Amino acid sequence: MKVVLASGNINKIKEMQTLLCELCGKEITVLSLKDIGFYDDIVEDGDSFEANALIKAKAPKCKEYPVIADDSGLMVDALFGEPGIYSARYAGEECDDEKNNQKLLKKMDTVPDGKRNARFVSVIACVFPDGKNITAEGICEGVMLREYKGNGGFGYDPLFFVPEIGKTFAEMNAEEKNSCSHRGKAMRKFAREFAEYIK
């Protein structure tokens, strides 16, 4: 069986293929958008992670294979859910991880230690050729630190501390992160639903 992942990220494609094969109990090949000849820019103008994931999954209008997409981000309680769906471009369109993190640290400068709760949210969506779709959400609760800890990961990982593991995302190895991360939880839930759907 073949599916399309609405991403050009080779690591995401490999990860999705491994997970789907393991949990669905059958051989599944994950194609990229390039593999099906889709090169258009996708405008993510939804008002939630689920809406944006569905926008990306529907964009190729693929009639041959199911299309899978994900959208994720960080939500900080003290900032009323910011940066949320704007996590990747929190500091503006020309931003990078460092600028996003610095903006977040500045906005949280006066937030006391007991009020720095946050969560990473990931939603995975799949649109089938017949137009039907399924979605799965994963959430990882944590606390925002005042300074970076760890050299791994990307984005807000050095600032996001997970109490149940006792480390930031940036301090965890791949196995630790996959066991508790929002994306890992969403992918496992999605794979189970996908396996049920294609029976």
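Everything below is about the structure printed above this text.
Residues numbered from 1 in each chain as written. Predicted model: local features only at pLDDT ≥ 70, side-chain atom pairs only at ≥ 80, totals over all residues. Heavy atoms only, no water.

*Asks:* So, the pairing of strand β5 (residues 133-144): which residues are in play, and what are the values?
*Replies:* Judged by which residues are buried, β5 turns out to be one-sided: I134, A136, G138, C140, G142 and M144 face inward and are buried, whereas N133, T135, E137, I139, E141 and V143, on the alternate face, are not. The hairpin turn running from strand β4 (residues 117-127) into β5, its antiparallel successor, is five residues long, and G131 in that turn takes a positive phi close to 95 degrees. The pairing of β5 with strand β6 (residues 160-162) spans two bridges and is antiparallel. Paired with V143 across the two strands is F161, which belongs to β6. (Buried < 20%, exposed > 50% of the residue type's maximum accessible area, 1.4 Å probe, protein only. Helix = DSSP H or I, 4+ residues; strand = E, 2+ residues; numbered from the N terminus. Pairing = 2+ DSSP bridges.)

*Asks:* Lay out helix α1 (residues 10-24) with the relevant residues and their values.
*Replies:* For α1, with 15 residues, the first-to-last C-alpha span of 21 Å sits near the 21 Å given by 1.5 Å per residue. Residues I13, M16, L19, L20, C21 and C24 constitute the buried set of α1. If you follow the buried residues of α1, they end up packed against β1 (2-5), β2 (29-31), β3 (67-76) and α5 (182-197). (Expected span 1.5 Å × (residues − 1). Contact = heavy atoms within 4.5 Å.)

*Asks:* Run through the packing of aromatic side chains, naming residues and quoting values.
*Replies:* Inspection of the entire model under this criterion finds six aromatic pairs. Centre to centre, the rings of F120 and F160 are 4.7 Å apart; their planes meet at 70 degrees, and the pair counts as edge-to-face. You can see F120 sitting in strand β4 and its partner F160 sitting in strand β6, a full 40 residues away along the chain. Centre to centre, the rings of F128 and Y197 are 4.0 Å apart; their planes meet at 20 degrees, and the pair counts as stacked. Of this pair, F128 sits in the loop between β4 and β5 while Y197 sits in helix α5, and the two are 69 residues apart along the sequence. According to the relative accessible area criterion, Y197 is partly exposed, its value standing at 33%. (Phe/Tyr/Trp six-rings, centres within 6.5 Å; stacked < 30°, edge-to-face > 60°.)

*Asks:* Account for helix α2 (residues 49-58), with residues named and values stated.
*Replies:* Restricting attention to buried positions, one finds in α2 the residues F49, N52, A53, L54, K56 and A57. Residues of α2 that are buried make contact with β3, β4 and β5.

*Asks:* Got a sec to walk through the packing of α1 against α5? Specific residues and values, please.
*Replies:* Running from amino to carboxyl end, α1 crosses α5 at an angle of 45 degrees, the nearest separation of the two axes being 9 Å. Judged by the inter-axis angle, α1 sits oblique to α5. Handedness of the α1/α5 crossing: right-handed. Mapping the contact onto sequence places K12, E15, M16, L19, L20, L23 and C24 in α1 and R183, M187, R188, F190, A191, F194 and A195 in α5. Residue composition of the contact of α1 with α5, grouped by class: ten nonpolar, no polar and four charged. (Axes fitted to C-alpha atoms, helices over the stretch in contact; angles between N-to-C directions. Parallel < 35°, antiparallel > 145°, perpendicular 65-115°, else oblique. Left-handed = near helix turned anticlockwise from the far one by under 90°. Nonpolar A, V, L, I, M, F, W, Y, C, P; charged D, E, K, R; others polar.)

*Asks:* Describe in detail the environment of V143, supporting the description with residues and values.
*Replies:* Relative to the helices and strands, V143 resides in strand β5. Each C-alpha atom of the pair V143 and P163 lies 7.7 Å from the other, and the pair is 20 residues apart in sequence. Beyond its immediate sequence surroundings of up to four residues, V143 is in contact with R116, N117, L159, F160, F161 and P163.

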